[in-house]
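# Chain and residue survey
The residues making up each chain are set out below.
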Amino acid sequence: MTVLSRLPTSARLLLVLLGVGLGLNLRDIAAAIGTPIPALPIPYGGSLLDNTLAVLVALLLAALLRPRGMSLLASLGLRGNGWGGPMWVLLASLPCWLGLAVLGTPNTALTALDATMLAVLFPLAEEVLFRGLGFVLLVKILRGAWPLLALPQALLFGMVHWLGFGGLHGGGIALFVGAVIALGGFIFAWLDHLDGDTLWCGLVLHVSMNLAWNVFSLDDAVALGWQATSLRIGTALLAVLVLAWHLHRQRRGRL
């Protein structure tokens, strides 16, 4: 039995949601109470530290709250479940690349460091915090209807990006971005649930789409327009359909 697994379910739910909601803001909280945590003295040092702390929060809470007999990796969806599903999801992300190539222009300023941070490490940290802690662990603890369990982390995921675009000061644009990102967070959790409550399908889609949005440059009006938005949502839903088809075919092959 883990340290906090004896707590009432409502208390464990509250701890998970607090961890998800505050995990990326620990340095802001520390600064607000007068104990600032300096950024790492490297490029992206502040964001890298924020994301590292968020992953540590997820690992700590999962270690304390996970059900009896469950490994830490399994509690966050980090166990292996084969690469068939993630590879089909990666293939389903191809329309995003093609669409952005048509709508935008190559981003010649993108560096390998930019791509690594923005399209790999930061999405990985977000998936561990939001989908690992905020969804997979809840599924393991509560064992309820997965769409309801996926909703809180999706809303928090959207809220973080809404705040990143200015929150109330960002007006309609910030609200629009937050809503689209929240929908994306729900679909990432959907993919993870289809693939046995593991993070890899959602992570692959997140990384591929983030990389595509950094490889190509779009004007703000285009990036927030109906074409690019439809491309985002359509690609994510296509990934769900492709993964569901793959899993159905896989089950039939075992009969």
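Structure: see above.
Structural notes, computed from the coordinates. Computed from a predicted model, the values in this text were never measured in an experiment.

### Here we look at the packing of helix α7 (residues 112-142) against helix α8 (residues 146-164)
Between α7 and α8, whose axes approach to 9 Å, the crossing angle comes to 155°. Between α7 and α8, the angle falls in the class roughly antiparallel. Seen along the crossing, α7 lies across α8 with a hand that is right-handed. Between α7, through Glu-126, Phe-130, Arg-131, Gly-134, Phe-135, Leu-138, Val-139 and Leu-142, and α8, the contact on the second element is made entirely by Trp-146, Leu-149, Ala-150, Gln-153, Leu-156, Phe-157, Val-160 and His-161.

### Overview of the layout of surface pockets
When its volume is computed, the largest pocket comes out at roughly 1200 Å³. Secondary-structure elements contributing two or more residues to the lining of the largest pocket are α3 (45-65), α7, α8, α9 (171-194), α10 (200-215), β2 (216-217), α11 (220-223) and α12 (226-254). The element contributing the most residues to the lining of the largest pocket is α9, with 10 residues. For the lining of the largest pocket, the class distribution of residues is 23 nonpolar, 11 polar and 5 charged.

### Some remarks on the pattern of salt bridges
The final tally for this structure, using the stated rule, is 2 salt bridges. Notably, a salt bridge pairs Arg-131 with Glu-127, separated by 2.7 Å at the nearest N-O pair. Taken together, the positions of Arg-131 and Glu-127, both in helix α7 and 4 residues apart, correspond to about one turn of that helix. Taking the relative accessible area as the measure of exposure, Arg-131 reaches 0% and is therefore buried. Using a relative accessible area of 0% as the deciding quantity, one classes Glu-127 as buried.

### Side note on unusual backbone geometry
Within the chain, Tyr-44 stands out as a residue other than glycine whose phi angle is a positive 65°. Relative to the elements of secondary structure, Tyr-44 occurs in the loop between α2 (26-32) and α3. Given a relative accessible area of 26%, Tyr-44 falls into the partly exposed group. Of note in the backbone geometry, Asp-197 takes a positive phi value of approximately 55° without being a glycine. By secondary structure assignment, the location of Asp-197 is in the loop between α9 and α10. Of the residues examined, Asp-197 reaches a relative accessible area of 11% and is grouped as buried.

### Let's talk about α9
Here α9 contains 24 residues, and its C-alpha end-to-end distance of 35 Å stays within 8% of the 34 Å for a straight helix at 1.5 Å per residue. Positive backbone phi, at 80°, marks Gly-196, one or two positions downstream of α9.

### Considering the packing of aromatic side chains
Taken as a whole and judged by the stated rule, the model has 9 aromatic pairs. Judged by centre distance (5.0 Å) and plane angle (80°), the ring pair of Trp-88 and Trp-245 falls under edge-to-face. On the criterion of sequence distance, the pair formed by Trp-88 in helix α5 (residues 84-92) and Trp-245 in helix α12 is long-range, its members being 157 residues apart. Using a relative accessible area of 42% as the deciding quantity, one classes Trp-245 as partly exposed. Centroid distance Phe-135 to Trp-146: 6.5 Å. Interplanar angle 80°. Geometry classified as edge-to-face. Placement of the pair is Phe-135 in helix α7 and Trp-146 in helix α8, with a sequence separation of 11 residues. On the basis of relative accessibility, which here comes to 0%, the residue Phe-135 falls in the buried class. One aromatic cluster is present, formed by Phe-135, Trp-146, Phe-186 and Trp-190 through successive ring pairs. Of note, Arg-131 hangs over the ring of Phe-157, and the distance from its end group to the ring centre comes to 4.2 Å.

### Some thoughts on the environment of Val-57
Tracing the sequence through the fold places Val-57 in helix α3. Note on Val-57: relative accessible area 18%, which makes it buried. Taking the C-alpha atoms as reference points, Val-57 and Val-128, separated by 71 residues in sequence, lie 9.8 Å from one another. Val-57 has contacts with Gly-19 and Leu-26, leaving out every residue within four places of it along the chain.

### Comments concerning a nonpolar patch on the surface
Together, Leu-14, Leu-18, Leu-22, Ile-29 and Ile-33 make up a nonpolar patch on the protein surface, roughly 460 Å² of accessible area in all. Of the residues forming the nonpolar patch, the biggest block, 3 residues, is contributed by helix α1 (residues 9-22). Locating Leu-22 in the fold gives a position in helix α1.

### Observations concerning the state of the cysteines
Summed over the entire model, instances satisfying the criterion amount to 0 disulfides. For Cys-96, which is in no disulfide, the shortest distance to another cysteine sulfur is to Cys-201 and amounts to 17 Å. A relative accessible area of 0% places Cys-96 in the buried class. Assessed through its relative accessible area of 0%, Cys-201 is described here as buried.

Parameters and conventions
- Residues numbered from 1 in each chain as written.
- Predicted model: local features only at pLDDT ≥ 70, side-chain atom pairs only at ≥ 80, totals over all residues.
- Heavy atoms only, no water.
- Axes fitted to C-alpha atoms, helices over the stretch in contact; angles between N-to-C directions.
- Helix = DSSP H or I, 4+ residues; strand = E, 2+ residues; numbered from the N terminus.
- Parallel < 35°, antiparallel > 145°, perpendicular 65-115°, else oblique.
- Left-handed = near helix turned anticlockwise from the far one by under 90°.
- Contact = heavy atoms within 4.5 Å.
- 1 Å grid on protein atoms, 1.4 Å probe; cavity = no way out; pocket = protein on both sides within 12 Å on 5 of 7 lines; lining within 4 Å.
- Points joined across faces, edges and corners; volume = space filled by probe spheres on them.
- Nonpolar A, V, L, I, M, F, W, Y, C, P; charged D, E, K, R; others polar.
- Salt bridge = Lys/Arg side-chain N within 4 Å of Asp/Glu carboxyl O.
- Buried < 20%, exposed > 50% of the residue type's maximum accessible area, 1.4 Å probe, protein only.
- Expected span 1.5 Å × (residues − 1).
- Phe/Tyr/Trp six-rings, centres within 6.5 Å; stacked < 30°, edge-to-face > 60°.
- Lys NZ or Arg CZ within 6 Å of the ring centre and 35° of its normal.
- Patch = residues over 30% accessible without salt bridge, like charges linked within 9 Å, V, L, I, M, F, W, Y side chains within 5 Å.
- Areas by Shrake-Rupley, 256 points an atom, 1.4 Å probe, with all protein chains shown as cover.
- Disulfide = S-S within 2.5 Å.

Such coordinate-based values are descriptive only and should not be taken to indicate function.
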